[in-house]
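A look at the structure
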Amino acid sequence: MQPMPSRQLGLSEVRVSPVIFGAWAIGGWMWGGSEEQDSIDAIHASLDNGVTTIDTAAIYGMGHSEEIVAKAIKGRRDKVVLATKCGMRWDSAALGDQGSDPWPQKDNDGNPVVIRKNAKPQSIYHECEQSLKRLQTDYIDLYQIHWPDVSTLVEESMTAMAKLKDQGKIRAIGVSNYDVEWLEKAQAALKQAPGGPIQLASDQPPYSVIQRTIEKDVLPFCLERHIGVIVYSPLERGLLTGRVGPDRQFAPGDHRASHKFFSVENRKRVLAALETIKPIADRHKASYAQTIINWTIHEPGITAALVGARNSQQAEHNAKAMSFTLHEDERKQVRAAFDSVAAALAG
């Protein structure tokens, strides 16, 4: 398969593959564990099949995902566009100012931790250094604030991110889960950066054929201002693959067991909708997952989509979502097939 044509991320110098390897699941946390060698093989298969970009985060497995990514890209760093995130601290007990929104969780070993959103400058600097060490690299291509932190002024956070860029530790500044209000503040702050105006490179919101909230305001906002959009959960954590039946049981620690999208009723709705697009998938010799991924990355304003994989077979399968092109009428049919599901979940 030919390498996928890369796409410019906003107005930055960073270019990403339309399908990005999403490294949340390989961190193990909230996904019922993972096998390290399978994860490394999955990353290798992605790179070998044209997925040149990897997106991870410090919080994924409390550093474990970043460490696995480092092992997988050793000797290939110059061939990889590396994105990671800061702003969610599980080690904030050592901080004088702990951030916002305490969230009791358990780490990969089952030990209790309290996760807090923290986008304060000193925390950002600290996290960047830790991520650089875990990733075994001297720069990060795209550094993103994982969630809005209401305890910190956006201007302070963006000034810290701009400083990291000026230092050459990061190439582009992104955010994740920011709504229009937060995006406006972030962009305004970067325009006033001490080292000169900087353009926000990207936002990373959730988006899928059944979760279209960003189409109302975030997507138009980013399109108008040339901000890249990297969406996560385009397959809704596997729900849109057609492999999650009504009787599926999830492993202990898998967050999907209690997620509203995975109710038995909704699983049935999704399976019925997938069945209606089977002729389209068959026409392109594609799976449901490949059809949905292809639809997602060709939506106006979408720069790329994060897709996770637990092994090399899944990774290669995801990459092949770019080996065909849905016609415009087919894209409309795919959207229409899931209109009722999207409406039900939005209600």
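Here, the structure is the one placed above.
Described in the following lines is the structure provided in the data block. (Residues numbered from 1 in each chain as written. Predicted model: local features only at pLDDT ≥ 70, side-chain atom pairs only at ≥ 80, totals over all residues. Heavy atoms only, no water.)

**Some words on empty space enclosed by the protein**
In plain terms, the rule: The method works on a 1 Å grid over the protein atoms by themselves. A cavity is a set of points holding a 1.4 Å probe that cannot get out, a pocket is an open set with protein on both sides within 12 Å along at least five of seven lines, and residues with an atom within 4 Å of a point line them. Grid points are joined across faces, edges and corners, and a volume is the space filled by probe spheres set on the points. A run of H or I in DSSP becomes a helix once it reaches four residues, and a run of E becomes a strand once it reaches two; helices and strands are each numbered from the N terminus. The classification used treats Ala, Val, Leu, Ile, Met, Phe, Trp, Tyr, Cys and Pro as nonpolar, Asp, Glu, Lys and Arg as charged, and all other residues, Gly among them, as polar.
Scanning the entire structure with this criterion turns up 1 cavity of 30 Å³ or more. Its boundaries defined by the atoms lining it, the largest cavity holds a volume of some 30 Å³. Val 19, Ile 20, Phe 21, Ser 46, Val 51, Val 307, Ala 309, Ala 315, Asn 318 and Ala 319 together form the lining of the largest cavity. When residues of the lining of the largest cavity are traced back to their parent elements, those giving at least two are β3 (19-22) and α10 (312-319). Grouping the amino acids of the lining of the largest cavity by side-chain chemistry returns 8 nonpolar, 2 polar and no charged.

**Looking at the pattern of salt bridges**
Just so we agree on the cut-off: Definition used for salt bridges: Asp or Glu carboxyl oxygen within 4 Å of a side-chain nitrogen of Lys or Arg. Only protein chains enter the calculation, and the probe is 1.4 Å; a residue is then buried if its accessible area is under 20% of its type maximum, exposed if over 50%, and partly exposed in between.
Under the counting rule described, the total for this entry stands at 22 salt bridges. When the shortest N-O distance is used, the salt bridge between Asp 101 and Lys 117 registers 3.3 Å. Remark: Lys 117 occurs in strand β8 (residues 112-117) and Asp 101 occurs in strand β7 (residues 100-106); sequence separation between them is 16 residues. By relative accessible area, which is 39% here, Asp 101 ends up partly exposed. Note that Asp 282 is salt-bridged to Lys 278, the shortest N-O span being 2.8 Å. With a gap of 4 residues between them, Asp 282 and Lys 278 both fall in helix α8 (residues 278-283), about one helical turn apart. A relative accessible area of 41% places Asp 282 in the partly exposed class.

**Digging into unusual backbone geometry**
Residues other than glycine seldom take positive phi values, yet Gln 136 does so here, at roughly 55°. Within the secondary structure layout, Gln 136 lies in the loop between α3 (121-135) and β9 (140-145). In this structure, Lys 285 is a non-glycine residue whose phi angle is positive, near 55°. By the secondary structure assignment, Lys 285 is in the loop between α8 and α9 (288-297).

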